[in-house]
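Architecture at a glance
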Amino acid sequence: MKVSMKGIVKSFGANDVLRQVDFSVEGGEICALLGENGAGKSTLMNILGGVLQADRGQIELDGRPVSFHSPAQSLDAGIAFIHQELNLINDLPVYENMFIGRELRKKSGFIDHKEEIRQTRQLFAGLDIDIDPNARVASLDASYKQIVEIARALLMKASIIIMDEPTTSLTDPEIERVFDMLRTLKKQNVGVVFISHKLREVMEICDTYVVLRDGVVVAGGPVQETSIPRISHDMVGHDVRTEPLEQTADIGPEVLRLEDLTLEPYYRRINLAVHAGEVLGVTGLLGDGRSEVFRTVFGDMNKYQGRILIEGKPVQVKSTRQVLNMGIAYLPRNRKENAIIKDMDILDNGSIVTLERITRCGLIDRKKQLNNFDRQRKDLQIKMGKPTDMISSLSGGNQQKVVLAKWLMSDPKLLILDNPTQGVDVGAKEEIYDIILQLAKRGVAVVVLSNEAQEIIRVCGRALVMYHGNICAEVSGETMNEANMMRLATGG
Ligand SMILES: Nc1ncnc2c1ncn2[C@@H]1O[C@H](COP(=O)(O)OP(=O)(O)OP(=O)(O)O)[C@@H](O)[C@H]1O
Ligand SMILES: [Mg+2]
């Protein structure tokens, strides 16, 4: 099947998001759809997926004009959409999620749970996915949810699959698994639209690419004929710097120390110290326990053993509020699930942590709130309309910047950033790295949790590598290179 979108125009109010965009993909092709945060990628695919209607333009399937007024119509035509925001129902088991809207029924009309479970199990086995079909979705880590969503698209026997940033919260082995699925699909003549900010993945898996900038196609062609620096340039309109950033040498007093911190089954005997002015990296694969260690420090997981010392004083961490008041901030790993309040506006999402400080006698100082937020908006170059617009009107990467702004405004002593650049474009990543280093210069202790080796190398002075809940090595300088970190992270 070949899908062509021709002359697509779409505006939200005064914001002209797509201006005469042509885009096509066909069976057996994996096409990367690229562009800065807010360039219009999700909007274009929402139109193809029947979620949004174009103001003008046409969609053709194998040359036949079609129009989709709902996601169901697009799905019926063979187009499956894996959204940037996860779309599973947390309270249902995995297998029911696999068949939502297309339930299998017995002759009696009742849902055939047994058959749904059987088919789910069979599909998972074929794809080497280790998930129990009966598990409740709520109990799955976000990366597994993403894998379930991809498997669901396969089950729908779609001819075209749209994947909007499918790998943002996946680790390398899982990404490899998704890529294996994609290669199989390709052989079966399925066409894939792959939206991503991870350009190395694009070079590895995609055949063709299209770059959108401000709602216009500015580049495209076979992936083999381009390069990461060129695509980056196409996306942001100028060269993106790649040399290592300068680290500060002035390390101040100790801000956080962990002594034999243990919380089974997640991690054990964790010993580390972070000082003012330093950027410490912590890396590893899924299940390494790094997020759990720092969620404990943030009061999000209790009943730990061992000691937590903040500025040299032992602290029994009981709640998030307690550590917040001590100047500790934590940006969680999954924005979609843990960081955004969907039905609040941008300003409230951005200032929720600091509201208490600007409230007098129960009244919020609106002017202060706006001023504080506005400073962050400028620093982080958040692309948005009015502060009172809903957070959901922002593109994914810009939502991530709002979450970052929220924590920066709290002016922390210790800033823990878990997967800080998820869904952020190549240009904005560099801005975030700059901000991290500026904070360190001002004496903030920063911990960056990341599975992107390049990210650790770019901003961290030293890094700890974790494996199955243990710290297995510390790397810095010469030993802080990608090959070595990967070897350590896989238990080598
Ligand atoms: N429902 C909406 N209401 C108002 N504006 C919207 C809506 N959805 C998207 N926009 C705006 O359209 C523009 C394009 O957003 P889109 O989500 O398509 O970007 P994107 O290229 O997918 O970016 P990202 O890489 O950050 O996901 C943004 O300026 C965004 O704020
Ligand atoms: Mg998007």
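Below is a short write-up of the structure.

What counts and how
- Residues numbered from 1 in each chain as written.
- Chains lettered and ligands numbered in written order.
- Predicted model: local features only at pLDDT ≥ 70, side-chain atom pairs only at ≥ 80, totals over all residues.
- Heavy atoms only, no water.
- Helix = DSSP H or I, 4+ residues; strand = E, 2+ residues; numbered from the N terminus.
- Expected span 1.5 Å × (residues − 1).
- Buried < 20%, exposed > 50% of the residue type's maximum accessible area, 1.4 Å probe, protein only.
- Pairing = 2+ DSSP bridges.
- Axes fitted to C-alpha atoms, helices over the stretch in contact; angles between N-to-C directions.
- Contact = heavy atoms within 4.5 Å.
- Near = heavy atom within 4 Å.
- Polar contact = N/O pair within 3.5 Å; in protein donor to acceptor, adjacent residues only side chain to side chain.
- Areas by Shrake-Rupley, 256 points an atom, 1.4 Å probe, with all protein chains shown as cover.
- Nonpolar A, V, L, I, M, F, W, Y, C, P; charged D, E, K, R; others polar.
- Domains from an automatic or database assignment.
- Salt bridge = Lys/Arg side-chain N within 4 Å of Asp/Glu carboxyl O.

**Re helix H5 (residues 142-155)**
- Between the first and last C-alpha of H5 there are 20 Å, a value that for 14 residues agrees with the 20 Å anticipated at 1.5 Å per step.
- Across the 14 residues that make up H5, a large majority, 13, are buried.
- Just downstream of H5, Lys157 is the residue with a positive phi angle, here 55 degrees.

**Regarding the sheet that holds strand E7 (residues 160-164)**
- Sheet architecture is open: six strands sit in the order E6-E7-E8-E3-E9-E10, paired in mixed fashion. Only two strands of the sheet have a single neighbouring strand rather than two, namely strand E6 (79-82) and strand E10 (216-222). The average undirected angle you get between the axes of adjacent strands in this sheet is 15 degrees.
- Its contacts with the sheet put helix H1 (residues 41-48) on strand E3 (30-35), E6, E7, strand E8 (191-195) and strand E9 (208-213), and the angle it makes with E3 is roughly 135 degrees.
- Across the face of the sheet, helix H6 (residues 172-187) comes into contact with E3, E7 and E8 while running at roughly 150 degrees to E8.

**With respect to the site of ligand 1**
- Residues in contact with ligand 1 amount to 19 residues; listed here are only the nearest, Lys41, Thr43, Ser393, Ser395 and Gly397.
- Asn37 places a polar side-chain atom, nitrogen or oxygen, 2.9 Å from an oxygen atom of ligand 1.
- For ligand 1, whose free accessible area comes to 640 Å², the fraction covered by protein is 82%.
- Put simply, the parts of the chain that give the shell around ligand 1 at least two residues each are strand E2 (15-26), H1 and helix H14 (396-409).
- Per-element accounting of the shell around ligand 1 gives the leading share, three residues, to H1.
- Its residues assigned to classes, the shell around ligand 1 comprises four nonpolar, twelve polar and three charged.
- Taken domain by domain, the makeup of the shell around ligand 1 includes at least three residues from each of domain 1 (2-236) and domain 2 (254-489).

**Let's talk about the pattern of salt bridges**
- For the structure shown, the criterion picks out 27 salt bridges.
- A salt bridge links Glu259 to Arg307; the shortest N-O distance between them is 3.1 Å. One end of the pair, Glu259, is in strand E11 (residues 254-263); the other, Arg307, is in strand E14 (residues 305-310), with 48 residues separating them in the sequence.
- The class of Glu259 is partly exposed, set by a relative accessible area of 25%.
- The salt bridge involving Glu452 is made with Lys429; its shortest N-O contact spans 3.1 Å. Residue Glu452 is found in the loop between strand E20 (445-449) and helix H16 (453-459), and its partner Lys429 is found in helix H15 (residues 426-441); the two are separated by 23 residues along the sequence.
- Salt bridges here are not isolated pairs; linked through shared partners, they connect Glu176, Asp180, Arg183 and Glu204.

**Side note on unusual backbone geometry**
- Omega for the bond connecting Glu264 with Pro265 falls within 30 degrees of zero, at 5 degrees, which places this linkage in the cis form.
- Within the element layout of this structure, Pro265 appears in the loop between E11 and strand E12 (267-275).
- Positive phi values are uncommon outside glycine, yet Lys303 reaches one of about 65 degrees.
- As for its placement among the helices and strands, Lys303 is situated in the loop between helix H9 (290-297) and E14.

**Quick look at helix H13 (residues 366-380)**
- For H13, spanning 15 residues, the distance from its first C-alpha to its last is 21 Å, which sits close to the expected 21 Å at 1.5 Å a residue.
- On the buried face of H13, the contacting elements are helix H12 (346-351), strand E18 (363-364), H14 and H15.
- Looking one or two places after H13, you find Gln381, whose phi comes out positive at around 50 degrees.

**Some details on the pairing of E14**
- Relative to E14, E11 is paired through five bridges, and the arrangement is antiparallel. Bridge pairing in E14 links Arg257 to Leu309.
- Relative to strand E15 (residues 313-315), E14 runs antiparallel, the two sharing three bridges. Residue Leu309 lies in a different strand from E15, and its bridge partner there is Pro314.
- Here E14 folds back onto E15 in antiparallel fashion, the turn holding two residues, of which Glu311 has a positive phi close to 50 degrees.

**Description of the side chain of Gln376**
- With respect to the secondary-structure elements, Gln376 resides in helix H13.
- Given the relative accessible area of 9%, Gln376 is considered buried.
- Discounting residues that sit within four places of it in the chain, Gln376 has contacts with Gln381, Ile382, Ala405, Leu408 and Met409.

These values are about where atoms sit, not about what they do.
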